[in-house]
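Per-entry structural report
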Amino acid sequence: MLKENLEKVLNEISSGNNLGEEITLVGATKTMTYETINEAISYGLKVVAENKVQEFNQKTEFISGASQHFIGHLQTNKVKYLVGKVELIHSVDSIHLAEEIDKVAKKRNLIQDVLIEVNIGGELSKSGFDFSNAKENVLEIASKYSNIRIIGLMAMLPHSDNQQLLAELTKKMRNLFDEIKVKGLPFTYLSVGMSNDYKIAIQNGSNMIRLGRTIFGERNYGVK
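Notes on the structure in this doc start here. Bear in mind that the values here come from a model prediction, so they are computed numbers and not experimental data.

**Here we look at the pattern of salt bridges**
Counted under the stated rule, the structure contains 14 salt bridges. Where Lys8 meets Glu12, a salt bridge forms, and the shortest distance between an N and an O atom there is 3.3 Å. Of the two residues, Lys8 and Glu12 are both situated in helix H1 (residues 2–12); the distance of 4 residues between them amounts to about one turn of the helix. Its relative accessible area of 51% is what places Lys8 among the exposed residues. Since its relative accessible area comes to 28%, Glu12 is described here as partly exposed. The closest approach of N and O atoms between Lys144 and Glu140, which form a salt bridge, is 3.1 Å. Taken as a pair, Lys144 and Glu140 lie in helix H5 (residues 134–144) at a separation of 4 residues, close to a single helical turn. One connected set of salt bridges, linked through shared partners, spans Lys8, Glu12 and Lys199.

**Quick notes on a positive patch on the surface**
Together, Lys78, Lys80, Lys85, Lys107 and Arg108 line one region of the surface with positive charge. Of note, Lys78 is situated in the loop between strand S3 (67–70) and strand S4 (88–92). Take Lys78: its relative accessible area is 30%, and that puts it in the partly exposed class.

Cut-off values and rules
Residues numbered from 1 in each chain as written. Predicted model: local features only at pLDDT ≥ 70, side-chain atom pairs only at ≥ 80, totals over all residues. Heavy atoms only, no water. Salt bridge = Lys/Arg side-chain N within 4 Å of Asp/Glu carboxyl O. Helix = DSSP H or I, 4+ residues; strand = E, 2+ residues; numbered from the N terminus. Buried < 20%, exposed > 50% of the residue type's maximum accessible area, 1.4 Å probe, protein only. Patch = residues over 30% accessible without salt bridge, like charges linked within 9 Å, V, L, I, M, F, W, Y side chains within 5 Å. Areas by Shrake-Rupley, 256 points an atom, 1.4 Å probe, with all protein chains shown as cover. Lys, Arg positive; Asp, Glu negative; His and termini not counted. Charge placed at Lys NZ, Arg CZ, Asp CG, Glu CD.

In structure tokens form, the structure reads like this:
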């Protein structure tokens with residue numbers, strides 16, 4: 001089933017988004033064993049990502065053949081486990097966190113690629129920069145911290161059946177992405193879209209999607 005699921009998604013996104021950009025598929029591997037992850041990689045999955053630092057630490061050395069990202073909420077005291085070990089951190093949701101990533105990256109003499117998370121729905125239950133001042137925050141982080149490279153934005157759309165709302169929010173994210181990109185930042189990725197809403201996201205400017213259930217099936221949280 002894994003092979004069929006993955007082939008179906010890769011086929012769906014093969015023509016790119018509405019702007020003709022290539023779409024990067026990120027496999028959200030929360031609760032999946034490294035054997036299952038490697039199986040997905042053998043079927044063509046090129047990027048995998050964890051939500052929890054502990055799971056990343058347990059699996060990372062056993063995963064091969066794919067780029068590894070981090071997509072979950074990140075506490076500053078866990079930054080040291082990820083910097084230089086993941087290719088991309090999607091969830092930089094505060095200046096404090098950006099500062100810590102920069103500090104650890106500087107110590108390790110490397111530059112860490114990150115995405116800035118924007119709370120596009122203004123939801124209290126979600127982290128991320130407020131949309132209204134996200135642009136200023138991104139430019140501030142980019143100018144202040146030389147050991148992180150901001151290569152795009154990330155957002156989680158609200159759980160909603162209102163497709164028009166989801167389309168509008170994705171367009172807002174795309175407009176913000178384009179506005180910041182013209183300021184000279186190396187913007188490459190707009191990471192918007194998960195299993196419930198990725199089709200709407202890529203129709204409205206997203207070029208990176210994070211899929212778990214759509215690829216791996218329903219998760220069994222009772223089994224680790």
